[in-house]
Amino acid sequence: MSKDAKTRPLYPSLLPLWRQALSAWGLGVDLGLPEELLESEDLAYINLRDRRTRVNLGELKRLGLTDHLGAFFAHEAGHHCRYPQTLVAHTKLLLRQRDLLRALETERMGGARVGKGFDPTHHDHLLNLFLDVLVNDSLADDYGADFQAIYRRMNAEAPDPRSAVFSFTLACYDALWQLP
């Protein structure tokens, strides 16, 4: 996700869906209007610097996920409102994760790999996946069926073999939501 991503204002017809998604996080949530993300492979993301959500309507349409746009909006708003909520909180969590990964690698390998190619920043995406699970679980009552449909579609699109991290994320949802 690029800070300089091309965007345009979201279609006005989608704004009621955005407001409904915000209400999932409580009264008084006031975020900037989301924007359509152009020329990107990302489905959706937030920019914690300007607190705006970007949604790739073209990619969602290609994947057949436009019926679940409200769930995407609510999910991204959840990053603004709670997980991680601020850029400062995100940075603190990320730095702590890097320290923990560095410590785990040192203990596991007796210090041999640290400084010899191990880069904890290579695993920064793990924090986002963890925060995604927290957001989605918080919204499960309202959007659980949507999230299940989204992840089924993403699972169908995932390359074989699926990454261990993606498989673990799906297993978390299976356990949290008691899915078959």
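Further up the page is the structure itself.
Report on the accompanying structure. Bear in mind that the values here come from a model prediction, so they are computed numbers and not experimental data.

Cut-offs applied
Residues numbered from 1 in each chain as written. Predicted model: local features only at pLDDT ≥ 70, side-chain atom pairs only at ≥ 80, totals over all residues. Heavy atoms only, no water. Phe/Tyr/Trp six-rings, centres within 6.5 Å; stacked < 30°, edge-to-face > 60°. Helix = DSSP H or I, 4+ residues; strand = E, 2+ residues; numbered from the N terminus. Pairing = 2+ DSSP bridges. Axes fitted to C-alpha atoms, helices over the stretch in contact; angles between N-to-C directions. Contact = heavy atoms within 4.5 Å. Salt bridge = Lys/Arg side-chain N within 4 Å of Asp/Glu carboxyl O. Buried < 20%, exposed > 50% of the residue type's maximum accessible area, 1.4 Å probe, protein only. Expected span 1.5 Å × (residues − 1). Arc of directions from axis to C-beta. 1 Å grid on protein atoms, 1.4 Å probe; cavity = no way out; pocket = protein on both sides within 12 Å on 5 of 7 lines; lining within 4 Å. Points joined across faces, edges and corners; volume = space filled by probe spheres on them. Nonpolar A, V, L, I, M, F, W, Y, C, P; charged D, E, K, R; others polar.

**Let's talk about the packing of aromatic side chains**
In total, this model carries 5 aromatic pairs according to the counting rule given. Taken together, a centroid distance of 4.9 Å and an interplanar angle of 40° make the contact between Tyr 151 and Tyr 173 tilted. Of this pair, Tyr 151 sits in helix α6 (residues 140–157) while Tyr 173 sits in helix α7 (residues 164–176), placing them 22 residues apart in sequence.

**Structural notes on the sheet that holds strand β4 (residues 52–55)**
Pairing within the open sheet is mixed, and its 4 strands lie in the order β1-β2-β4-β3. This sheet does not close on itself; its edge strands, each paired only once, are β1 (7–9) and β3 (44–47). Pairwise comparison of adjacent strand axes, ignoring direction, gives a mean angle of 30° for this sheet. Where strand β2 (residues 35–37) meets β4, 2 bridges bridge the pair, whose relative direction is parallel. By the bridge assignment for β4, Glu 36 is matched with Val 55. Each of β3 and β4 touches helix α3 (residues 69–81); the most contacted strand, β3, lies at about 25° to it.

**Notes on the pattern of salt bridges**
Summed over all chains, the structure comprises 9 salt bridges. The partner of Glu 35 in a salt bridge is Arg 54, with the nearest N and O atoms 3.1 Å apart. Taken together, the residues span a long stretch of sequence, with Glu 35 in strand β2 and Arg 54 in strand β4 at a distance of 19 residues. Note on Glu 35: relative accessible area 17%, which makes it buried. Close ionic contact of Arg 62 with Glu 157 constitutes a salt bridge, the shortest N to O distance being 3.6 Å.

**Topic: α7**
Quick reminder: α-helices carry 3.6 residues per turn. Residues three or four places apart thus point the same way. Between its terminal C-alpha atoms α7 stretches 18 Å, which fits the 18 Å expected from 13 residues at 1.5 Å a residue. Regarding α7, the residues found buried are Phe 166, Thr 169, Leu 170 and Tyr 173. When α7 is viewed along its axis, its buried side chains cluster within an angular range of 95° and face the same direction. Set apart from the buried face of α7 by more than 90 degrees, the exposed residues are Ala 164, Phe 168 and Ala 175. The elements touched by buried residues of α7 are α5 (125–138) and α6. Following α7 by one or two positions, Gln 178 has its phi on the positive side, about 50°.

**So, the layout of surface pockets**
In this structure, the second largest pocket encloses a volume near 160 Å³. Where the lining of the second largest pocket is concerned, the elements lending two or more residues are α6 and α7. No other element matches α6, which puts 5 residues into the lining of the second largest pocket. Class assignment of the residues belonging to the lining of the second largest pocket gives a composition of 6 nonpolar, 2 polar and 2 charged.

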